[in-house]
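Examination of the molecular architecture
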Amino acid sequence: MSEVSTRAWTRPHDWAEVVIGVVAALSPLWLSTSNAAMWTMVILGALVAIDGLVSLGAPGAVYGEGIQIVLGVLLFIAPWVIGYTELNGASWTSWVAGALTIIAGAAAMPVAQAAHRTAGQH
């Protein structure tokens, strides 16, 4: 892996997770949502963004990418579980943001593992 991927605040996967989380958390501002859909998207989106920031600050923390994948799955299934599939904008935002979060977390996993291994070699 390149040296850039092991330095804090430089990994594009984690920046993507932050952006995806912020968009999901703020999307109820421009989408029609129910109260449950709004809070689900705000909370899960904020957690995705926060975990992305933690991963940016600690590039060797492999657990952060695993958490990111779990949060992406939760965001993806939320329209069915919480029951807002009839709200097209909110549903599609959850599905797309969830899928992108899963992809970004999975893509960042090998990079985080390499950073973890590199950090252990002092």
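Before any of the text, the structure's been laid out above.
Report follows, based on the coordinates. (Residues numbered from 1 in each chain as written. Predicted model: local features only at pLDDT ≥ 70, side-chain atom pairs only at ≥ 80, totals over all residues. Heavy atoms only, no water.)

What the protein contains, in helices and strands, is four helices and zero strands. Going from the N terminus to the C terminus, the protein shows its helices and strands as α-α-α-α. Along the three orthogonal principal directions, the C-alpha set of the protein runs to about 55 × 20 × 15 Å. Counting over 122 residues, the protein shows a buried share of 42%. By sequence separation, contacts in the protein at least 24 residues apart represent 71% of the contacts at least 6 residues apart. Only carbon and sulfur atoms are counted for the fraction: they give 73% of the accessible area of the protein, which is about 6200 Å². (Helix = DSSP H or I, 4+ residues; strand = E, 2+ residues; numbered from the N terminus. Buried < 20%, exposed > 50% of the residue type's maximum accessible area, 1.4 Å probe, protein only. Contact = heavy atoms within 4.5 Å. Areas by Shrake-Rupley, 256 points an atom, 1.4 Å probe, with all protein chains shown as cover.)

Nonpolar side chains tend toward joint burial in soluble globular proteins. Residues M41, L44, L75, Y84, L87, A90 and A97 are the most contacted members of the largest nonpolar core, which totals 14 residues. Among the elements of the structure, α1 (12–26), α2 (35–57), α3 (62–83) and α4 (88–119) are those that each provide at least two residues to this core. Sort the elements by how many residues they give to this core and α2 lands first, with four residues. Those residues in contact with A97, other than ones at most four positions away along the chain, are I20, A24 and L75. (Core = buried A, V, L, I, M, F, W, Y, C linked by side-chain atoms within 4.5 Å.)

Over its 22 residues, α3 runs 32 Å from end to end, which matches the ideal 32 Å to within 8%, given 1.5 Å per residue. In α3, a bend of some 55° at I77 exceeds every other bend along the element, and P79, a proline, comes one to four places later. (Expected span 1.5 Å × (residues − 1). Bend = angle between axes of the 7 residues up to and from the residue.)

Attention shifts here to the side chain of S27. Inspection of the secondary structure puts S27 in the loop between α1 and α2. By relative accessible area, S27 is classed as buried at 1%.

Look at α1 against α2: their axes get within 7 Å of each other, and the N-to-C directions meet at 160°. Between α1 and α2, the interaxial angle falls into the category roughly antiparallel. Considering the relative orientation of α1 and α2, their crossing is left-handed. Residues D14, W15, E17, V18, G21, V22, A24 and A25 of α1 touch α2, and the partners they reach there are M41, V42, G45, A46, V48, A49, G52, L53, S55 and L56. (Axes fitted to C-alpha atoms, helices over the stretch in contact; angles between N-to-C directions. Parallel < 35°, antiparallel > 145°, perpendicular 65-115°, else oblique. Left-handed = near helix turned anticlockwise from the far one by under 90°.)

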